Amino acid sequence: MRIGIIGAGQMARALGNGWAAAGHEIRYGKRGEVRDAVEFGDVTLLAVPVLALTDVLAQGNFDGQTLIDCTNAFEPDEGDMMLGEDAVAERIAKQAPGARVVKAFNLCAAEVWESDERVFEGRRLAVPLCGDDADALGQVEQLVRDLKAEPVRAGGLQRARYLEAMSAFVVGLWFAGGDARAVLPPLEAAFAVAD
Ligand SMILES: NC(=O)c1ccc[n+]([C@@H]2O[C@H](COP(=O)([O-])OP(=O)(O)OC[C@H]3O[C@@H](n4cnc5c(N)ncnc54)[C@H](OP(=O)(O)O)[C@@H]3O)[C@@H](O)[C@H]2O)c1
């Protein structure tokens, strides 16, 4: 296949090198070369920051194109670009001011908690927690341990937006017969260099 890649950064190179090794023809579209890359490809990959998309999409004709979008609307190190919608947990916190809300236990089906099994494929089940109050988080961590699972602090209550979105996505995958566990590498393999 001929693959046009918009962007020449980390994702562009990582995916482009992999596809080239598999025998595909690649053309990278650096700044100023977007149109060439789009015209070249049977398939085009968008591998630019979300904030660049308006500019990039105005530069090419994508009519009939298979357009792969690998972008994420957040910067992992900045944490201030969040999904626009409030999480349910944030709405609860607004409606019950003074309550110390912790988002937890929304990922796994009740059957998981009804069974005695907590270790799957050699790894203890982890439960992500989002909340703003350290004492409340500590209480819920203990409650997770009491269920023989491992708590994971996953950021403030605002990040419950992601936890809720993740649940919707993962549950959909499971219902469709897909293995959600298979789509994520273990931490050791998630990045080239651990921070
Ligand atoms: N890195 C990851 O692990 C990862 C994983 C999943 C998804 N993503 C998503 O993939 C996308 C790319 O990430 P990345 O890590 O590859 O970023 P990156 O290394 O910073 O590369 C971004 C590329 O986009 C180009 N670019 C920026 N603005 C542009 C514009 N207006 N017109 C044309 N090119 C422009 C940059 O060119 P210059 O060098 O000239 O600025 C650079 O080549 C992001 O949306 C990110 O959220 C990243």
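Only a predicted model underlies this, so the values are computations on that prediction, with no experimental measurement involved.

A separate point is the overall build of the chain. Looking only at helices and strands, the chain has eight helices and nine strands in total. Its C-alpha atoms give the chain a radius of gyration of 21 Å, clearly above 16 Å, the size a compact globule of 195 residues would have. Taken over the C-alpha atoms alone, the chain extends approximately 55 × 40 × 35 Å along its principal axes. When the 195 residues of the chain are sorted by exposure, 28% land in the buried category. Excluding contacts between residues fewer than 6 apart, the proportion of contacts in the chain whose partners are at least 24 apart in sequence is 59%. Accessible surface, the chain: about 12,900 Å² in total, of which carbon and sulfur atoms supply 54%. Here the chain contributes 19 positively and 30 negatively charged side chains, and the mean placements of these two sets differ by 2 Å.

The next point concerns the side chain of E141. Secondary-structure assignment places E141 in helix 6 (residues 134-146). By relative accessible area, which is 13% here, E141 ends up buried. Excluding its chain neighbours within four sequence positions, the residues that come into contact with E141 are L129, P151 and R153.

Neighbouring the ligand are 15 residues, the closest being A8, Q10, M11, R31 and V48. Within the contact set of the ligand, an oxygen atom lies 3.2 Å away from a backbone nitrogen or oxygen of G9. Here M11 contributes a backbone N or O atom positioned 2.7 Å from an oxygen atom of the ligand. Isolated, the ligand exposes 900 Å² of accessible area, and the fraction of that covered by the protein chains is 66%. Listing elements by their share of the shell around the ligand, those giving two or more residues are helix 1 (10-21) and helix 3 (53-57). Residues belonging to the shell around the ligand are distributed by class as follows: eight nonpolar, five polar and two charged.

Before going further, it helps to examine the domain arrangement of the chain. Along its sequence, the chain is carved into domain 1 (2-69) and domain 2 (88-190). Here domain 1 and domain 2 have C-alpha centroids that lie 35 Å from each other.

The next point concerns the sheet that holds strand 9 (residues 150-153). Backbone hydrogen bonds are what pair the strands of a sheet, in a parallel or an antiparallel way. A sheet is described by the order of its strands in space; here three strands give the open sequence 5-8-9, paired in mixed fashion. Looking at which strands have only one partner, the edges of the open sheet turn out to be strand 5 (102-103) and strand 9. Bridge count between strand 8 (residues 126-131) and strand 9: four bridges; the pairing is parallel. Bridged to L129 within strand 9 is R153.

Looking now at helix 7 (residues 160-175). Compared with the 22 Å implied by 1.5 Å per residue over 16 residues, the 22 Å span of helix 7 between its first and last C-alpha is a close match. Every buried residue of helix 7 is listed here: A160, R161, Y162, L163, E164, S167 and V170. Lining the buried residues of helix 7 we find helix 4 (88-95), strand 5 and strand 8. Where helix 7 ends, the next residue or the one after it, G177, has phi of about 90°, a positive value.

Parameters and conventions
- Residues numbered from 1 in each chain as written.
- Predicted model: local features only at pLDDT ≥ 70, side-chain atom pairs only at ≥ 80, totals over all residues.
- Heavy atoms only, no water.
- Helix = DSSP H or I, 4+ residues; strand = E, 2+ residues; numbered from the N terminus.
- Rg over C-alpha atoms; globule rule 2.2 N^0.38 Å.
- Buried < 20%, exposed > 50% of the residue type's maximum accessible area, 1.4 Å probe, protein only.
- Contact = heavy atoms within 4.5 Å.
- Areas by Shrake-Rupley, 256 points an atom, 1.4 Å probe, with all protein chains shown as cover.
- Lys, Arg positive; Asp, Glu negative; His and termini not counted.
- Charge placed at Lys NZ, Arg CZ, Asp CG, Glu CD.
- Near = heavy atom within 4 Å.
- Polar contact = N/O pair within 3.5 Å; in protein donor to acceptor, adjacent residues only side chain to side chain.
- Nonpolar A, V, L, I, M, F, W, Y, C, P; charged D, E, K, R; others polar.
- Domains from an automatic or database assignment.
- Pairing = 2+ DSSP bridges.
- Expected span 1.5 Å × (residues − 1).

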